[in-house]
Amino acid sequence: MAQIEFLGTGTSTGVPQPLCTCEVCRSTDPRDKRLRCSSLLKFDNTNILIDCSPDFRQQAMRANIDHIDALLLTHGHADHMGGIDDLRPYCTYNPLPIYAEERVIDDVKRRLPYCFMQNPYPGIPRLDTYPIVANQPFEVGNITITPLRVMHFNLPIVAFRINNMAYVTDCLTMPQETIAQLQGLDLLVINALRHTEHISHQTLSDALALIERLAPQRAYLIHMSHDMGLHAKVSQQLPPHVQFAYDGLKLDF
Ligand SMILES: [Zn+2]
Ligand SMILES: [Zn+2]
Ligand SMILES: [Zn+2]
């Protein structure tokens, strides 16, 4: 028995977007307030964080996260790792393991060089890095996680499959091999930015077409921009097994 809690479901600017006065940014519906993308996976005694957004501190307090056993990074963009320094309270006693592709570990080291110095200043986040490779499953505790290749325009990044759940963010396209590995899911979490095309993200219709190919039992959309429209209104356009996720939503899988 496991649970995913959506800590943030917005695109890189978040929703509302600063300076914008559109109806979504002015909405009072809490489902239209989207922090940057991150999720917490809860297993019996194991908490796994997927990505660590610049809103992590606020997300951790809202979700009452009492410990984190591992951080999985999909890629090195700021909206997915900008909150790593705020992990400090979670690595006071033990270093926090970060699982990411080698290139993304380099991004972490470039962004937070002070965490990786020989004699670091006291109080810095204590991080251990573990390189992962697409298609090579790894374990956190007794949980097996399979990283899968997806393409974020021309940047190769990873999605994660755990049991019959998969978490795919910032995907524009995915190779045939990944499509084959994402069959038979109970729960698919996948990105959909807006209605009109974008150079590096799927549109809503791209996401719906891909969901049809992958045929999960149910799918939840993440990484939305304000251009997607009001949650209450645009939700009505979705097929019954697809929904927009929203911040704070918890699902069992
Ligand atoms: Zn992103
Ligand atoms: Zn707006
Ligand atoms: Zn990105």
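Note: the structure precedes this text.
Treat the numbers as computed from the prediction; the structure is a model and nothing was measured. Each chain has its residues counted from 1, following the order in which its sequence is written. Chain A is the first chain written and ligand 1 is the first ligand written, with later ones labelled in order. Owing to the predicted nature of the model, reporting of local features is limited to residues with pLDDT of at least 70; listing and counting of side-chain atom pairs is limited to 80 or more, with chain, interface and lining totals taken over all residues. The basis for every side-chain value is the complete set of heavy atoms in the structure, and neither hydrogens nor water enter the calculation.

*Asks:* Could you give an account of the coordination of the zinc ion (ligand 3), naming the residues involved and the relevant values?
*Replies:* Distances up to 2.8 Å from the metal define which N, O and S atoms are donors, and 3.2 Å serves for Na, K and Ca; water is absent from the atom set, so sites may look incomplete. Taken together, H75 (NE2), H77 (ND1), H152 (NE2) and D170 (OD) make up the protein donors of the zinc ion (ligand 3), found 2.2 to 2.3 Å from the metal. Here the metal geometry follows the donor angles, with tetrahedral for four donors whose angles all fall between 85 and 135 degrees, square planar for four and octahedral for six when opposite donors are more than 155 degrees apart and every other angle is between 65 and 115, and irregular for all the rest. The site at the zinc ion (ligand 3) holds four donor atoms, and with the angles between them running 87 to 174°, its shape is irregular. Taken as a pair, the zinc ion (ligand 3) and the zinc ion (ligand 1) show a spacing of 3.5 Å, with D170 coordinating each metal. Among the residues examined, H75 registers a relative accessible area of 1% and is labelled buried. Three exposure classes are used, based on accessible area relative to the maximum for each residue type with a 1.4 Å probe and protein chains only: buried under 20%, partly exposed in between, and exposed over 50%.

*Asks:* Which residues make up the pairing of strand 1 (residues 3-8), and what values do they have?
*Replies:* Helix and strand definitions here come from DSSP, where helices need a minimum of 4 consecutive H or I residues and strands a minimum of 2 consecutive E residues; each element is numbered from the N-terminal end. For strand 1, the buried fraction is high: five of the six residues fall into the buried class. Pairing between strands is defined by DSSP: at least two bridges between them are needed. When strand 1 meets strand 14 (residues 250-252), the two strands line up antiparallel, connected through three bridges. Across the sheet, I4 pairs through a bridge with L251, a residue of strand 14. Across five bridges, the pairing between strand 1 and strand 2 (residues 38-42) is antiparallel. Within strand 2, the residue paired with F6 across the bridge is S39.

*Asks:* Break down the pattern of salt bridges for me, with residues and values.
*Replies:* Close approach of charged atoms lets side chains of opposite charge pair. Salt bridges are defined by distance alone: a side-chain nitrogen of Lys or Arg within 4 Å of a carboxyl oxygen of Asp or Glu. Enumeration according to the criterion identifies nine salt bridges in this entry. Salt-bridge contacts for D247 lead to R62; the nearest nitrogen and oxygen are separated by 3.6 Å. Taken together, the residues D247 in the loop between strand 13 (242-244) and strand 14 and R62 in helix 1 (residues 56-63) connect sequence positions 185 residues apart. The shortest N-O distance in the salt bridge between E101 and R149 comes to 2.7 Å. Here the residue E101 occupies a position in strand 5 (residues 96-101), and R149 occupies one in strand 8 (residues 143-152), the gap between them amounting to 48 residues. The pair E101 / R149 is uniform in exposure class, with both members buried. Each member of the salt-bridge network shares a partner with another, and the members are E101, R103 and R149.

*Asks:* How would you sum up the coordination of the zinc ion (ligand 1)? Please name residues and give values.
*Replies:* Protein ligation of the zinc ion (ligand 1) involves D79 (OD), H80 (NE2), D170 (OD) and H223 (NE2), the donor distances falling in the range 2.1 to 2.3 Å. For the zinc ion (ligand 1), the four donor atoms in the first shell make angles of 93 to 158° at the metal, so the coordination geometry reads as irregular. The sequence pattern describing where the donors of the zinc ion (ligand 1) fall on their chain is D-H-x89-D-x52-H.

*Asks:* I'd love a proper account of the environment of P120, names of residues and values included.
*Replies:* With respect to the helices and strands, P120 occurs in the loop between helix 3 (102-111) and strand 6 (127-132). Put simply, P120 and A78 are 42 residues apart on the chain and 23 Å apart in space, counted from C-alpha to C-alpha.

*Asks:* Lay out the sheet that holds strand 13 in plain terms, naming residues and giving numbers.
*Replies:* With mixed pairing, seven strands are arranged side by side in an open sheet as 7-8-9-10-11-12-13. The sheet is open, and its two edges are formed by strand 7 (138-140) and strand 13, each paired on a single side. Averaged over all adjacent pairs, the angle separating strand axes in this sheet is 25°, with direction ignored. Relative to strand 12 (residues 218-222), strand 11 (residues 187-191) runs parallel, the two sharing five bridges. Axis definition: a line fit to C-alpha positions, over the contact stretch in the case of helices; interaxial angles, taken between N-to-C directions, run 0 to 180 degrees.

*Asks:* A description of the nonpolar core should follow, citing residues and the corresponding values.
*Replies:* Nonpolar side chains in soluble globular proteins tend to end up buried together. In terms of nonpolar packing, the biggest core is built from 29 residues, with F6 and I145 touching the most fellow members. The dominant element in this core, judged by the number of residues it contributes, is strand 9 (residues 155-162), at three residues. Contacts are residue-level and defined by heavy atoms, with any inter-residue pair within 4.5 Å sufficient. Residues within four places of F6 in sequence aside, it is in contact with S38, S39, V189, Y220, I222, A245, Y246, D247, G248, L249 and L251. Grouped together as the second largest cluster of nonpolar side chains are 27 residues, I179, L185, L188 and A219 included. Only buried residues count toward a nonpolar core. Its members are Ala, Val, Leu, Ile, Met, Phe, Trp, Tyr and Cys residues joined through side-chain atoms within 4.5 Å.

*Asks:* Could you give an account of helix 5 (residues 204-214), with specific residues and numbers?
*Replies:* All buried positions along helix 5 are accounted for by L204, A207, L210, I211 and L214. Considered in projection along helix 5, the buried side chains sweep an arc of 125° and stay on one side of the axis. Turned more than 90 degrees away from the buried face of helix 5, the exposed residues are S205 and E212. Next to the buried residues of helix 5 lie helix 4 (176-181), strand 11, strand 12 and strand 13. Backbone geometry just downstream of helix 5 places A215 in the positive-phi region, at approximately 50°. This arc is taken over the directions from the axis of the helix to the C-beta atoms.

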